[in-house]
Amino acid sequence: MFGMDIEKLKKEHMNLPDKIKIFDTTLRDGEQAPGIALTVDDKIQIAKKLDDLGVNTIEIGFPIVSEGEKETARTVKSLGLNAEICGLARVLKKDLDALIDSDLSYVHTFIGTSPLHRDYKLKMSKEEILDKSVEAIEYAKDHGITVEFSAEDSTRTEKDYLIEVYKAAEDAGASTINVPDTVGVLTPVIAKSLIQDLKKELKTPISVHFHNDFGLATANSLMAIEAGASQAHVTVNGLGERGGNASLEELVVSLAVAYDIDLDIDTTKLYNLSDFVSKLTGVKISPNKPIVGGNAFAHESGIHVHGILENTSTYEPINPEFVGHSRKIALGKHTGANGLKSKLDEFNIDLSEEQFCSVYDQIKSLGDKGKTITDADLKAIAVTEISTSEEEYIKLLGLAVMSGETVSPSATVKLLIDGEEKETSKTGVGPVDAALNAIKSLIQETTSIELEEYNIDAITGGTDALAEVFVVTSDGKGNKATGRATRDDVVMASVIAVLNSINKLLVIQNS
Ligand code: KIV
Ligand code: ZN
């Protein structure tokens, strides 16, 4: 797909494993990110979705930390999912017992091996760490548990010592040797070289667990796989400690598309899973997040939209459907006529050439003011352009306000609604609020409206300054409309702007 012979590159420069396993640690490392706390039910729902997606292993949690973690592990294990369910444990008997008590039969056990971890955290010698690791692996094996062993902070551990620990773990019965880049200091070339060196020394499958402190976790994982690592730890949306872990969606799509590797993952479920995890964890996805961000398949500039409308491949590496996402043509100051036309077609809005030019100019000028133009904004602008004065459903017949120090501000409003005169008085925190409350109460039989935005500007200086009021109202059904009015009386300007906006909203509703 890239004008490059990927098969030739694979043969000449890569030592790809026959099968690559995806080990998801969203529910363990991902949950360790500050601010994330998932309930048992949240974890069960995410685990089911991960299983549906097709990951090979789900790290469900750290059983020793709470009864809830154990209960989650037990429940998820009892679901009989296709994915293997794994739990985390330090190389401690009590951690392993907690895992066994959770009915799990796969442990990811770890101990720090770097000088920093040995001297400051564990205060243990190299020998003690090695012995503890072997002891724990043997204990787990004696209880019929499959062992994946991690030398925490492996990438800041002396290479000779790291190899010694990993060989001892292999001899003790570990089925997978995992290489954590705990503080994300690897670079792609170093990642490749490290895994190449470990491959020469070990017979056991190698896995990688790379953190994203420098934004390199996915690239490093790919290089490790090129060097022969047959498993990568990932998290949905790249969640995890600090800058997070290698992201599931980035790694899977890179392997599937750039490397043309079949992973048994249903990529069409990626966007939905990402969105689901974002909602449950409360961690919003940045718009420019690859694959799943709101802008991953969004186009605004005239040149790009033109290309996309001719052939989507011009400015997209994959179709959004491949990951269950959707394409978006956005409007803003970079919008071209083609983009605007396609959006209007989408909403079945037909404009004359003159109306089209006016809408186009308004979008450009709103964009210049730094405003994002949503679909609702476009509909409102376009409908205003085509609506005529006869379509004024609600007219102002009268307005009186009272304000002062010791009385509640109040307003009396008289409206003509569909030919019928209606009048009411209401109070509010100020005269504008009182007047708007009166309007709201009069029209609530006709439509329900909410004032979303209210801006007031004094056009000239002095006490007789002209007030320009700009409002946005919405009807709670996804429709929004703007309204604007300029008067020398602030209350009047506000009332006229709101009525102007409501009339447009009614046009939109009835169109
Ligand atoms: O990043 C890390 O080192 C870990 C360990 C628990 C393996 O998550
Ligand atoms: Zn980690």
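Residues numbered from 1 in each chain as written. Chains lettered and ligands numbered in written order. Predicted model: local features only at pLDDT ≥ 70, side-chain atom pairs only at ≥ 80, totals over all residues. Heavy atoms only, no water.

Draft legend 1. Focus on the site of ligand 1. All residues in the neighbourhood of ligand 1 are listed as Arg28, Asp29, His108, Phe110, Ser150, Glu152, Pro180, Thr182, His209 and His211. The side chain of His209 places a nitrogen or oxygen atom 3.1 Å from an oxygen atom of ligand 1. Within the side chain of His211, an N or O atom sits 2.9 Å from an oxygen atom of ligand 1. At the level of elements, strand S4 (106–112) and strand S5 (146–152) are the ones that each hand at least two residues to the shell around ligand 1. (Near = heavy atom within 4 Å. Polar contact = N/O pair within 3.5 Å; in protein donor to acceptor, adjacent residues only side chain to side chain. Helix = DSSP H or I, 4+ residues; strand = E, 2+ residues; numbered from the N terminus.)

Draft legend 2. View of helix H8 (residues 188–201). Helix length check: H8, at 14 residues, gives a terminal C-alpha distance of 20 Å against a target of 20 Å (1.5 Å per residue), a fit within 8%. Those residues of H8 not exposed but buried are Ala191, Lys192, Leu194, Ile195 and Leu198. The arc that holds the buried residues of H8, viewed along the axis, is 165°, so those residues lie on one side. Exposed residues on H8 whose side chains face more than 90 degrees from its buried face are Val189 and Lys200. Residues of H8 that are buried sit in contact with helix H1 (6–13), helix H7 (159–172), strand S6 (176–181), strand S7 (206–210) and helix H9 (217–226). (Expected span 1.5 Å × (residues − 1). Buried < 20%, exposed > 50% of the residue type's maximum accessible area, 1.4 Å probe, protein only. Arc of directions from axis to C-beta. Contact = heavy atoms within 4.5 Å.)

Draft legend 3. Up close: the domain arrangement of the chain. Segmenting the chain into domains produces domain 1 (6–265), domain 2 (285–330), domain 3 (331–386) and domain 4 (388–510). Placing the centre of domain 2 and that of domain 3 at their C-alpha centroids yields a distance of 20 Å. The partner domain 3 presents ten residues to the eight residues of domain 2 that form the contact. Around 680 Å² of area is buried between domain 2 and domain 3 when both sides are counted, 55% of it from carbon and sulfur atoms. (Domains from an automatic or database assignment. Buried area = accessible area lost by both parts, 1.4 Å probe.)

Draft legend 4. Structural context of the packing of helix H12 (residues 302–310) against helix H13 (residues 337–346). Interhelical geometry of H12 versus H13 gives an angle of 55° and a closest axis separation of 7 Å. Between H12 and H13, the crossing angle belongs to the class labelled oblique. Across the interface between the two elements, Val305, His306 and Leu309 from H12 touch Asn338, Gly339 and Ser342 from H13. In terms of residue class, the contact of H12 with H13 is built from two nonpolar, four polar and no charged. (Axes fitted to C-alpha atoms, helices over the stretch in contact; angles between N-to-C directions. Parallel < 35°, antiparallel > 145°, perpendicular 65-115°, else oblique. Nonpolar A, V, L, I, M, F, W, Y, C, P; charged D, E, K, R; others polar.)

Draft legend 5. Fine view of the environment of His143. Looking at the secondary structure, you find His143 in the loop between helix H6 (126–142) and S5. A relative accessible area of 40% means that His143 is categorised as partly exposed.

Draft legend 6. Main features of the side chain of Ser278. Along the chain, the position of Ser278 falls in helix H11 (residues 270–281). Residue classification places Ser278 among the buried residues on the basis of a relative accessible area of 11%. Engagement of the side chain of Ser278 in a polar contact is seen with the backbone oxygen of Val283, the distance being 2.9 Å. Those residues in contact with Ser278 that lie beyond four places of it in its chain are Asn237, Val283, Lys284 and Ile285.

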